[in-house]
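A structural walkthrough
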Amino acid sequence: MAPHHPEDVGMTAAKQPQPAARSPRRAVAAADRTRQPTEVRRRLIVEAAVPLIAERGYASVGVRDVAAAAGVSVGTVTYHFGSVQEILSEAMVLHIERYYAELSEAAEQATSGAEALRLLVDALFTEDTDRHWRMWFDYWNAGEQGTDAAFTGGQARRYETWHQQIRALAQRGVTDGEFGTDDLDGFTVRFAALADGLALQRLRQAPPLSTEDARRHLNRLIETELGPGRRSPE
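Residues numbered from 1 in each chain as written. Predicted model: local features only at pLDDT ≥ 70, side-chain atom pairs only at ≥ 80, totals over all residues. Heavy atoms only, no water.

Things to note about the environment of Ser210
To keep things clear, this is the line we draw: Starting at the N terminus, helices and strands are each numbered in turn, a helix being any DSSP run of H or I of at least four residues and a strand any DSSP run of E of at least two. Burial classification: accessible surface area is computed with a 1.4 Å probe over protein chains only, and a residue below 20% of its type maximum counts as buried, one above 50% as exposed, and the rest as partly exposed. Counting of polar contacts relies on pairs of N or O atoms within 3.5 Å, with two restrictions inside protein: one atom must be capable of donating a hydrogen and the other of accepting it, and residues adjacent in sequence are counted only when both atoms are side-chain atoms.
Topologically, Ser210 is positioned in the loop between α9 (184-204) and α10 (211-226). By relative accessible area, Ser210 is classed as partly exposed at 26%. For the pair formed by Ser210 and Leu198, sequence separation is 12 residues and the distance between their alpha carbons is 9.8 Å. A distance of 3.0 Å separates a polar side-chain atom of Ser210 from the backbone nitrogen of Asp213.

A word on the nonpolar core
As a reminder, the rule being used: Among buried residues, those of type Ala, Val, Leu, Ile, Met, Phe, Trp, Tyr and Cys that are joined through side-chain atoms within 4.5 Å constitute a nonpolar core. When checking whether two residues touch, look at their non-hydrogen atoms; a contact exists if any pair is within 4.5 Å.
Judged by nonpolar contacts, the single largest core of 65 residues is most densely connected at Leu120, Leu124, Trp162, Phe187 and Phe191. Per element, the largest residue contribution to this core is 12 residues, and it comes from helix α5 (residues 84-108). When sequence neighbours within four positions are dropped, the list of residues in contact with Leu124 reads Tyr99, Leu103, Thr129, Trp133, Trp162, Phe191, Ala195 and Leu218.

Considerations on the side chain of Ser89
Mapped onto the fold, Ser89 is located in helix α5. Residue Ser89 is classed as buried on the basis of its relative accessible area, which comes to 11%. Excluding residues within four positions of it along the chain, Ser89 makes contact with Tyr58, Tyr139 and Phe151.

Describing the confidence of the model for the chain
Heads up, the rule is: As a per-residue measure, pLDDT tells how confident the predictor is, with possible values from 0 to 100.
Taken residue by residue, the chain gives an average pLDDT of 80. The fraction at 70 or more is 79%. Considering each helix and strand of the chain separately, the mean pLDDT is smallest for helix α1 (residues 30-33), with a value of 44, and largest for α10, with 96. Low pLDDT, under 50, characterises residues 1-34; the stretch is placed with 51 contacts to residues that sit more than four places away or in other chains.

Topic: the packing of aromatic side chains
Here is the rule we go by: We call Phe, Tyr and Trp rings a pair once their centres come within 6.5 Å, taking the six-membered ring for Trp, and we label the pair stacked below 30 degrees between planes, edge-to-face above 60, and tilted otherwise.
Taken as a whole, this structure holds 7 aromatic pairs when the rule is applied. Taking 5.8 Å as the distance between ring centres and 50° as the angle between the ring planes, the aromatic pair formed by Phe187 and Phe191 counts as tilted. In this pair, Phe187 and Phe191 are both assigned in helix α9, 4 residues apart and thus about one turn of the helix distant. Phe191 carries the same exposure label as Phe187, and that label is buried. An aromatic cluster is defined as three or more aromatic residues linked by ring pairs; in this entry it consists of Tyr99, Tyr100, Trp136, Tyr159 and Trp162.

Some words on the packing of helix α2 (residues 38-56) against α5
As a reminder, the rule being used: Lines fitted to C-alpha atoms define the axes, with helix axes restricted to the stretch in contact, and inter-axis angles between N-to-C directions lie between 0 and 180 degrees. Throughout, the term roughly parallel applies to angles under 35 degrees, roughly antiparallel to angles over 145, roughly perpendicular to angles from 65 to 115, and oblique to all others. When residues are grouped by polarity, Ala, Val, Leu, Ile, Met, Phe, Trp, Tyr, Cys and Pro land in nonpolar, Asp, Glu, Lys and Arg in charged, and all others, Gly among them, in polar.
Interhelical geometry of α2 versus α5 gives an angle of 75° and a closest axis separation of 8 Å. Overall, the two elements α2 and α5 adopt an arrangement that is roughly perpendicular. Touching Arg42, Arg43, Ile45, Val46, Glu47, Ala49, Val50 and Ile53 of α2 are Glu86, Ile87, Leu88, Glu90, Ala91, Met92, Leu94, His95 and Arg98, all from α5. For the contact of α2 with α5, the class distribution of residues is 10 nonpolar, 1 polar and 6 charged.

Observations regarding the pattern of salt bridges
To keep it simple, the criterion reads: Salt bridges are defined as contacts in which a side-chain nitrogen from Lys or Arg sits within 4 Å of a carboxyl oxygen from Asp or Glu.
Under the counting rule described, the total for this entry stands at 13 salt bridges. Here Arg202 makes a salt bridge to Glu127, at a shortest N to O gap of 2.9 Å. Of the two residues, Arg202 is situated in helix α9 and Glu127 in the loop between α6 (113-124) and α7 (129-142); the sequence distance between them amounts to 75 residues. Note on Arg202: relative accessible area 12%, which makes it buried. Look at Glu127 and you get exposed, because its relative accessible area is 53%. Across the pair Asp185 and Arg167 runs a salt bridge, and its minimum N-O distance is 2.6 Å. Here Asp185, found in helix α9, pairs with Arg167, found in helix α8 (residues 149-175); they are 18 residues apart in sequence, far enough to count as distant.

With respect to unusual backbone geometry
The omega torsion of the bond from Ala206 to Pro207 falls at -5°, within 30 degrees of zero and hence cis. Looking at where Pro207 falls in the secondary structure, it is placed in the loop between α9 and α10.

Focus: α8
What counts, and what does not: To estimate the expected span of a helix, count its residues, drop one, and scale the result by 1.5 Å.
Here α8 contains 27 residues, and its C-alpha end-to-end distance of 38 Å stays within 8% of the 39 Å for a straight helix at 1.5 Å per residue. What α8 keeps buried is the set Phe151, Gly154, Gln155, Arg158, Tyr159, Trp162, Ile166, Leu169, Ala170, Gly173 and Val174. Directly after α8, the chain includes Gly177, whose backbone phi takes a positive value near 85°.

Regarding the side chain of Arg158
Within the secondary structure, Arg158 is located in helix α8. Leave out the neighbours within four places in its chain, and Arg158 touches Val93, Ile96, Glu97 and Tyr139.

Structure (structure tokens):
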């Protein structure tokens, strides 16, 4: 396994806990570890990596950190994953899929397309979503660091899915007669780009940006581009 941090070099296994130490975050007995199927163990490791990325950032998490958080040995981690990047990329995917699934579920329960888009905007920018945006930008930055085709392909598919969700909500509003536009694809691109840009400004606070102002800018885009009578002349 390629080292992710200097301290990972030459490491073969984590120390087993002393009998008196019963912390759930430490490695468990070997006999117990072997009872779990491979997919269960992999999921355990990936789940443990998600909060680490949120707290420290993608580039600051190493194999020892993941092993300690998962309660397994470093050897167990290296057995199931070929690299730290593989662990962390799967953790990012897990988080992103959960995040956007929740957004989509909330929007689908709205009574109209317009309400669904408003709910989406509200959910994109809260005090709690700063953590998501940090992970999102970490994930995209990782794609610029010589990753393989599978990694970059996964990034493209996730962004395509995100675009599809935005477009579907706007299309719903058009179908219901709430919106008037014949450029749903263009609106989708501009909405996603503005959301990303506002999120980056929100995290950097340069210049300062509140969650309320971020929402206001996105809602203004919706009003400007999707308001009644916005269709191009026949």
